[in-house]
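# A structural walkthrough
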Amino acid sequence: MSILSAARSKSLNDGEGLAQEEVLEILRLPDSEIPDLLELAHETRLRWCGEEVEIEGIVSLKTGGCPEDCHFCSQSGLFESPVRAVWLDIEKLVESAKHTAKTGATEFCIVAAVKGPDERLLRQLESAVAAIRAEVDIQVAASVGTLNEPQVRRLAKAGIHRYNHNLETARSYFPQVVTTHTWEERRATLDLVREAGMEVCSGGIIGMGETLAQRAEFAVQLAQVEPAEVPMNFLDPRPGTPFADYPVMDSRDALRAVGAFRLAMPRTTLRFAGGRELTLGERGAEQGLLGGINAMIVGNYLTTLGRPMEEDLDMMGKIRLPIKALNSAV
(Lines give C-alpha, C1' and ligand atoms only; values in the text may rest on other atoms or scores of the structure.)
Protein backbone atom coordinates (compact mmCIF):
# COMPACT_ATOMS: atom_id res chain seq x y z
CA MET A 1 0.00 0.00 0.00
CA SER A 2 1.33 3.45 -0.89
CA ILE A 3 1.87 5.97 1.90
CA LEU A 4 -0.90 8.22 0.54
CA SER A 5 -3.34 5.29 0.54
CA ALA A 6 -2.33 4.43 4.11
CA ALA A 7 -2.73 8.07 5.12
CA ARG A 8 -6.17 8.22 3.52
CA SER A 9 -7.28 5.30 5.65
CA LYS A 10 -5.63 6.46 8.87
CA SER A 11 -5.78 10.27 8.83
CA LEU A 12 -8.78 11.00 6.62
CA ASN A 13 -11.07 8.11 7.48
CA ASP A 14 -10.14 7.50 11.12
CA GLY A 15 -8.85 10.92 12.20
CA GLU A 16 -5.63 9.40 13.55
CA GLY A 17 -2.23 11.01 13.10
CA LEU A 18 0.53 9.31 11.15
CA ALA A 19 3.45 7.72 12.99
CA GLN A 20 6.95 9.16 12.65
CA GLU A 21 8.11 6.78 9.92
CA GLU A 22 4.91 7.46 7.97
CA VAL A 23 5.43 11.22 8.24
CA LEU A 24 8.98 10.74 6.96
CA GLU A 25 7.63 8.86 3.92
CA ILE A 26 5.33 11.81 3.21
CA LEU A 27 8.24 14.24 3.45
CA ARG A 28 10.15 12.10 0.92
CA LEU A 29 7.38 12.03 -1.69
CA PRO A 30 8.49 13.03 -5.20
CA ASP A 31 7.45 16.42 -6.55
CA SER A 32 4.95 14.74 -8.88
CA GLU A 33 2.92 13.54 -5.87
CA ILE A 34 2.71 16.90 -4.06
CA PRO A 35 -0.70 17.77 -5.64
CA ASP A 36 -2.15 14.43 -4.48
CA LEU A 37 -0.68 14.98 -0.99
CA LEU A 38 -2.20 18.46 -0.71
CA GLU A 39 -5.57 17.24 -1.93
CA LEU A 40 -5.59 14.51 0.71
CA ALA A 41 -4.47 16.95 3.42
CA HIS A 42 -7.26 19.35 2.41
CA GLU A 43 -9.88 16.59 2.53
CA THR A 44 -8.57 15.62 5.96
CA ARG A 45 -8.81 19.12 7.40
CA LEU A 46 -12.31 19.61 5.92
CA ARG A 47 -13.49 16.39 7.51
CA TRP A 48 -12.03 16.92 10.97
CA CYS A 49 -11.77 20.72 11.28
CA GLY A 50 -14.38 22.12 8.89
CA GLU A 51 -13.95 24.62 6.08
CA GLU A 52 -13.54 27.85 8.04
CA VAL A 53 -10.19 29.63 8.33
CA GLU A 54 -9.32 31.22 11.69
CA ILE A 55 -7.66 34.65 11.51
CA GLU A 56 -5.30 35.99 14.18
CA GLY A 57 -3.34 39.19 14.70
CA ILE A 58 -0.28 39.43 16.94
CA VAL A 59 1.44 42.32 18.67
CA SER A 60 4.59 42.51 20.75
CA LEU A 61 4.24 43.94 24.25
CA LYS A 62 8.02 43.80 24.68
CA THR A 63 10.26 43.59 21.62
CA GLY A 64 13.97 42.79 21.68
CA GLY A 65 16.46 42.50 24.52
CA CYS A 66 15.69 38.83 25.17
CA PRO A 67 18.37 36.99 27.21
CA GLU A 68 17.96 33.72 25.29
CA ASP A 69 20.06 32.65 22.29
CA CYS A 70 17.46 31.17 19.90
CA HIS A 71 19.64 31.16 16.80
CA PHE A 72 16.84 32.19 14.42
CA CYS A 73 15.65 35.18 16.44
CA SER A 74 16.65 38.80 15.96
CA GLN A 75 15.12 39.69 19.33
CA SER A 76 17.96 38.06 21.25
CA GLY A 77 20.03 40.57 23.15
CA LEU A 78 23.06 38.31 22.60
CA PHE A 79 23.29 38.92 18.85
CA GLU A 80 24.29 41.97 16.82
CA SER A 81 20.86 42.34 15.21
CA PRO A 82 19.13 45.66 14.41
CA VAL A 83 16.21 44.96 16.80
CA ARG A 84 16.25 46.95 20.05
CA ALA A 85 14.12 46.64 23.19
CA VAL A 86 10.76 48.43 23.01
CA TRP A 87 7.69 48.28 25.31
CA LEU A 88 4.13 49.08 24.22
CA ASP A 89 1.63 50.74 26.52
CA ILE A 90 -1.85 49.35 27.15
CA GLU A 91 -3.59 52.01 25.06
CA LYS A 92 -1.61 50.91 22.00
CA LEU A 93 -2.42 47.27 22.69
CA VAL A 94 -6.14 48.04 22.81
CA GLU A 95 -5.91 49.97 19.53
CA SER A 96 -4.05 47.06 17.93
CA ALA A 97 -6.75 44.66 19.14
CA LYS A 98 -9.48 46.88 17.67
CA HIS A 99 -7.66 47.03 14.33
CA THR A 100 -7.23 43.26 14.34
CA ALA A 101 -10.89 42.65 15.13
CA LYS A 102 -11.94 44.77 12.14
CA THR A 103 -10.31 42.25 9.81
CA GLY A 104 -12.66 39.53 11.05
CA ALA A 105 -10.00 37.99 13.27
CA THR A 106 -11.21 35.94 16.24
CA GLU A 107 -7.96 36.03 18.19
CA PHE A 108 -5.41 38.60 19.28
CA CYS A 109 -2.11 37.36 20.69
CA ILE A 110 0.11 39.43 22.99
CA VAL A 111 3.77 38.43 22.80
CA ALA A 112 6.85 39.41 24.80
CA ALA A 113 10.52 38.69 24.09
CA VAL A 114 11.50 37.24 27.46
CA LYS A 115 12.62 33.92 28.90
CA GLY A 116 9.66 34.19 31.27
CA PRO A 117 7.53 36.99 32.76
CA ASP A 118 8.61 39.00 35.78
CA GLU A 119 6.07 40.67 38.07
CA ARG A 120 6.03 43.88 36.02
CA LEU A 121 5.22 42.02 32.82
CA LEU A 122 2.55 39.87 34.47
CA ARG A 123 0.76 42.90 35.88
CA GLN A 124 0.92 44.73 32.57
CA LEU A 125 -0.44 41.68 30.77
CA GLU A 126 -3.29 41.30 33.27
CA SER A 127 -4.18 44.97 32.82
CA ALA A 128 -3.95 44.72 29.04
CA VAL A 129 -6.27 41.70 28.89
CA ALA A 130 -8.84 43.46 31.08
CA ALA A 131 -8.69 46.60 28.93
CA ILE A 132 -9.01 44.67 25.66
CA ARG A 133 -11.91 42.56 26.92
CA ALA A 134 -13.72 45.72 28.03
CA GLU A 135 -13.57 47.30 24.55
CA VAL A 136 -13.04 44.61 21.92
CA ASP A 137 -15.02 41.49 21.03
CA ILE A 138 -12.05 39.20 20.50
CA GLN A 139 -10.35 36.30 22.24
CA VAL A 140 -6.98 37.09 23.81
CA ALA A 141 -4.00 34.74 23.67
CA ALA A 142 -0.52 35.26 25.06
CA SER A 143 3.07 34.16 24.58
CA VAL A 144 5.45 35.38 27.28
CA GLY A 145 7.92 32.53 27.65
CA THR A 146 8.44 29.82 30.23
CA LEU A 147 5.92 29.78 33.09
CA ASN A 148 5.67 28.27 36.55
CA GLU A 149 2.42 27.03 38.06
CA PRO A 150 1.41 30.27 39.92
CA GLN A 151 2.04 32.31 36.76
CA VAL A 152 -0.07 29.94 34.68
CA ARG A 153 -2.94 30.24 37.16
CA ARG A 154 -2.75 34.05 37.04
CA LEU A 155 -2.91 34.13 33.24
CA ALA A 156 -5.83 31.72 33.18
CA LYS A 157 -7.66 33.83 35.77
CA ALA A 158 -6.97 36.99 33.76
CA GLY A 159 -8.86 35.53 30.80
CA ILE A 160 -6.11 34.25 28.51
CA HIS A 161 -7.85 31.50 26.55
CA ARG A 162 -4.84 30.15 24.63
CA TYR A 163 -1.14 30.17 25.44
CA ASN A 164 1.60 29.89 22.84
CA HIS A 165 4.97 28.37 23.65
CA ASN A 166 6.67 26.85 20.64
CA LEU A 167 8.73 23.68 20.87
CA GLU A 168 10.54 25.25 17.86
CA THR A 169 12.05 22.04 16.43
CA ALA A 170 12.63 18.35 17.09
CA ARG A 171 13.92 17.42 20.52
CA SER A 172 17.01 15.84 18.96
CA TYR A 173 17.85 19.03 17.03
CA PHE A 174 16.94 21.58 19.70
CA PRO A 175 20.53 21.97 21.09
CA GLN A 176 21.61 23.14 17.62
CA VAL A 177 19.02 25.93 17.80
CA VAL A 178 19.00 27.03 21.46
CA THR A 179 21.59 26.54 24.22
CA THR A 180 20.31 28.81 27.01
CA HIS A 181 17.34 26.59 27.90
CA THR A 182 16.10 23.10 27.07
CA TRP A 183 13.34 21.51 25.02
CA GLU A 184 12.16 19.86 28.23
CA GLU A 185 11.59 23.26 29.87
CA ARG A 186 9.35 24.26 27.01
CA ARG A 187 7.39 21.03 27.20
CA ALA A 188 6.89 21.46 30.96
CA THR A 189 5.27 24.87 30.41
CA LEU A 190 2.85 23.37 27.91
CA ASP A 191 1.82 20.70 30.41
CA LEU A 192 1.10 23.38 33.03
CA VAL A 193 -0.95 25.39 30.53
CA ARG A 194 -3.15 22.41 29.69
CA GLU A 195 -3.64 21.54 33.36
CA ALA A 196 -4.82 25.11 34.04
CA GLY A 197 -7.53 24.83 31.40
CA MET A 198 -6.03 27.11 28.76
CA GLU A 199 -5.73 25.91 25.18
CA VAL A 200 -2.22 24.85 24.16
CA CYS A 201 -0.64 26.50 21.12
CA SER A 202 2.75 25.14 20.09
CA GLY A 203 4.59 24.94 16.80
CA GLY A 204 7.93 26.04 15.51
CA ILE A 205 10.08 26.84 12.51
CA ILE A 206 10.72 24.56 9.56
CA GLY A 207 13.90 24.85 7.50
CA MET A 208 16.51 25.55 10.19
CA GLY A 209 18.89 22.87 8.95
CA GLU A 210 17.06 19.89 10.44
CA THR A 211 17.02 16.61 8.51
CA LEU A 212 13.82 15.21 7.07
CA ALA A 213 13.90 12.58 9.81
CA GLN A 214 14.06 15.35 12.43
CA ARG A 215 11.24 17.20 10.69
CA ALA A 216 9.13 14.05 11.00
CA GLU A 217 10.21 13.69 14.63
CA PHE A 218 9.10 17.28 15.27
CA ALA A 219 5.64 16.71 13.77
CA VAL A 220 5.01 13.68 15.96
CA GLN A 221 6.34 15.36 19.11
CA LEU A 222 3.96 18.25 18.50
CA ALA A 223 1.09 15.80 18.08
CA GLN A 224 1.97 14.26 21.45
CA VAL A 225 1.45 17.66 23.10
CA GLU A 226 -2.16 17.57 21.82
CA PRO A 227 -2.18 21.25 20.88
CA ALA A 228 -5.33 23.12 19.92
CA GLU A 229 -3.18 25.05 17.45
CA VAL A 230 0.17 24.61 15.69
CA PRO A 231 1.78 27.71 14.12
CA MET A 232 3.89 26.73 11.11
CA ASN A 233 6.76 29.14 10.52
CA PHE A 234 9.38 28.87 7.78
CA LEU A 235 12.85 30.23 8.46
CA ASP A 236 13.27 33.84 7.39
CA PRO A 237 17.04 34.30 7.93
CA ARG A 238 17.52 37.46 9.99
CA PRO A 239 20.62 39.70 9.84
CA GLY A 240 22.90 39.40 12.83
CA THR A 241 21.65 35.97 13.95
CA PRO A 242 23.61 32.69 13.73
CA PHE A 243 21.15 31.54 11.03
CA ALA A 244 21.51 34.72 8.95
CA ASP A 245 23.16 32.90 6.04
CA TYR A 246 20.88 29.85 6.00
CA PRO A 247 19.09 29.31 2.67
CA VAL A 248 15.38 29.97 2.31
CA MET A 249 13.45 26.70 2.32
CA ASP A 250 12.41 25.32 -1.08
CA SER A 251 8.69 25.89 -1.62
CA ARG A 252 8.13 22.26 -2.58
CA ASP A 253 9.64 21.07 0.69
CA ALA A 254 7.48 23.59 2.53
CA LEU A 255 4.32 22.24 0.88
CA ARG A 256 5.35 18.67 1.69
CA ALA A 257 5.77 19.77 5.31
CA VAL A 258 2.30 21.37 5.35
CA GLY A 259 0.72 18.17 4.07
CA ALA A 260 2.75 15.98 6.41
CA PHE A 261 1.90 18.05 9.51
CA ARG A 262 -1.80 17.95 8.64
CA LEU A 263 -1.72 14.16 8.29
CA ALA A 264 0.20 13.91 11.58
CA MET A 265 -2.43 16.09 13.32
CA PRO A 266 -5.78 15.68 11.51
CA ARG A 267 -7.88 17.47 14.14
CA THR A 268 -5.55 20.38 15.00
CA THR A 269 -5.72 24.01 13.90
CA LEU A 270 -2.70 24.42 11.62
CA ARG A 271 -1.77 28.09 11.27
CA PHE A 272 0.35 29.77 8.60
CA ALA A 273 2.77 32.06 10.43
CA GLY A 274 6.12 33.75 9.78
CA GLY A 275 8.17 33.19 6.64
CA ARG A 276 5.34 31.96 4.42
CA GLU A 277 5.54 35.05 2.20
CA LEU A 278 9.25 34.53 1.57
CA THR A 279 9.10 30.74 1.21
CA LEU A 280 5.82 30.25 -0.63
CA GLY A 281 4.62 33.53 -2.12
CA GLU A 282 0.92 34.01 -2.88
CA ARG A 283 0.49 30.93 -5.06
CA GLY A 284 2.15 28.70 -2.48
CA ALA A 285 0.02 30.22 0.28
CA GLU A 286 -3.09 29.40 -1.74
CA GLN A 287 -1.83 25.84 -2.16
CA GLY A 288 -1.25 25.60 1.58
CA LEU A 289 -4.74 26.85 2.37
CA LEU A 290 -6.08 24.20 0.01
CA GLY A 291 -3.62 21.64 1.37
CA GLY A 292 -4.21 21.38 5.10
CA ILE A 293 -3.80 24.87 6.57
CA ASN A 294 -6.90 26.23 8.33
CA ALA A 295 -5.66 29.36 10.12
CA MET A 296 -3.45 32.38 9.40
CA ILE A 297 -1.68 35.20 11.14
CA VAL A 298 -2.50 38.34 9.18
CA GLY A 299 -0.53 41.55 9.04
CA ASN A 300 3.01 41.90 10.32
CA TYR A 301 4.88 39.51 12.59
CA LEU A 302 7.06 40.37 15.56
CA THR A 303 10.15 41.65 13.74
CA THR A 304 9.36 40.91 10.10
CA LEU A 305 6.80 42.29 7.67
CA GLY A 306 3.92 40.14 6.52
CA ARG A 307 1.55 40.80 3.66
CA PRO A 308 -1.08 43.52 4.11
CA MET A 309 -4.14 42.07 5.85
CA GLU A 310 -6.34 43.09 2.93
CA GLU A 311 -4.31 40.99 0.49
CA ASP A 312 -4.65 37.86 2.63
CA LEU A 313 -8.39 38.44 3.01
CA ASP A 314 -8.72 38.93 -0.74
CA MET A 315 -6.79 35.70 -1.31
CA MET A 316 -9.20 33.75 0.89
CA GLY A 317 -12.11 35.26 -0.97
CA LYS A 318 -10.52 34.27 -4.26
CA ILE A 319 -10.27 30.62 -3.26
CA ARG A 320 -13.65 30.80 -1.49
CA LEU A 321 -12.60 29.94 2.03
CA PRO A 322 -14.88 31.34 4.76
CA ILE A 323 -13.44 33.17 7.76
CA LYS A 324 -14.30 31.69 11.12
CA ALA A 325 -16.69 33.85 13.13
CA LEU A 326 -16.24 34.57 16.83
CA ASN A 327 -18.70 32.36 18.68
CA SER A 328 -18.14 33.89 22.11
CA ALA A 329 -15.79 36.44 23.56
CA VAL A 330 -13.58 35.35 26.43
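Predicted, not measured: the structure shown is a model, and the values here were computed from it.

### Brief notes about the confidence of the model for the protein
This prediction gives the protein a mean pLDDT of 86; 86% of its residues lie at or above 70. Predicted confidence for residues 81–86 stays below pLDDT 50, and this span has 18 contacts to residues more than four positions away or in other chains. Overall, residues 326–330 carries pLDDT values under 50, and its contacts beyond four positions in sequence, including any with other chains, amount to 10 contacts.

### Focus: the pairing of strand E4 (residues 139–143)
Most of E4 is tucked away: five of the five residues are buried. Alternating residues of E4 divide into Gln 139, Ala 141 and Ser 143 and Val 140 and Ala 142, and every residue in both groups is buried. Note that strand E3 (residues 107–112) and E4 share five bridges and pair parallel. Bridge assignment links Ile 110 to a residue of E4, and that residue is Ala 142. Pairing between E4 and strand E5 (residues 162–164): two bridges, direction parallel.

### Here's the deal with unusual backbone geometry
For Glu 168, which is not glycine, the phi dihedral falls at a positive 75°. In this structure, Glu 168 sits in the loop between E5 and helix H7 (183–195). By relative accessible area, which is 7% here, Glu 168 ends up buried. The backbone phi angle of Glu 226 is positive, close to 55°, even though this residue is not glycine. Within the element layout of this structure, Glu 226 appears in the loop between helix H8 (212–225) and strand E8 (229–234). A residue is classified by how much of its surface remains accessible, and Glu 226, at 60% relative accessible area, is exposed.

### Considerations on the UniProt feature "binding site: [2Fe-2S] cluster" (unreviewed entry) in the protein
Residues annotated by UniProt as "binding site: [2Fe-2S] cluster" (unreviewed entry) correspond here to Cys 109, Cys 201 and Arg 271. On the basis of their most widely separated C-alpha atoms, the annotated residues across 163 residues gather in one place, lying no more than 13.2 Å apart. By secondary structure assignment, the location of Cys 109 is in strand E3. Non-local contacts of Cys 109, meaning those with residues more than four positions away in its chain, are made with Glu 56, Gly 57, Ile 58, Val 59, Ala 141, Ala 142 and Ser 143. As for its placement among the helices and strands, Cys 201 is situated in strand E6 (residues 199–201). Not counting the four nearest positions on each side in its chain, Cys 201 is found in contact with Arg 162, Tyr 163, Asn 164, His 165, Leu 190, Glu 229 and Pro 231.

### A few points about helix H5 (residues 119–135)
Between the first and last C-alpha of H5 there are 25 Å, a value that for 17 residues agrees with the 24 Å anticipated at 1.5 Å per step. Residues Leu 121, Leu 122, Gln 124, Leu 125, Ala 128, Val 129 and Ile 132 constitute the buried set of H5. Each buried residue of H5 lies within a common arc of 165° when the element is viewed along its axis, so the set occupies one face. Exposed positions of H5 whose direction lies more than 90 degrees from the buried face are Arg 120, Arg 123 and Ala 134. Sitting at the head of H5, Asp 118 places a side-chain oxygen 3.3 Å from the backbone nitrogen of Arg 120.

### Concerning the side chain of Thr 189
Structurally, the position occupied by Thr 189 is in helix H7. Side-chain polar atoms of Thr 189 contact the backbone nitrogen of Leu 147, separated by 3.1 Å. Not counting residues up to four positions away in its chain, the partners in contact with Thr 189 are Gly 145, Thr 146, Leu 147, Tyr 163 and His 165.

Cut-offs used in this document
Residues numbered from 1 in each chain as written. Predicted model: local features only at pLDDT ≥ 70, side-chain atom pairs only at ≥ 80, totals over all residues. Heavy atoms only, no water. pLDDT = per-residue confidence, 0-100. Contact = heavy atoms within 4.5 Å. Buried < 20%, exposed > 50% of the residue type's maximum accessible area, 1.4 Å probe, protein only. Helix = DSSP H or I, 4+ residues; strand = E, 2+ residues; numbered from the N terminus. Pairing = 2+ DSSP bridges. UniProt positions renumbered as here; feature names shortened; annotations may be inferred. Expected span 1.5 Å × (residues − 1). Arc of directions from axis to C-beta. Polar contact = N/O pair within 3.5 Å; in protein donor to acceptor, adjacent residues only side chain to side chain.

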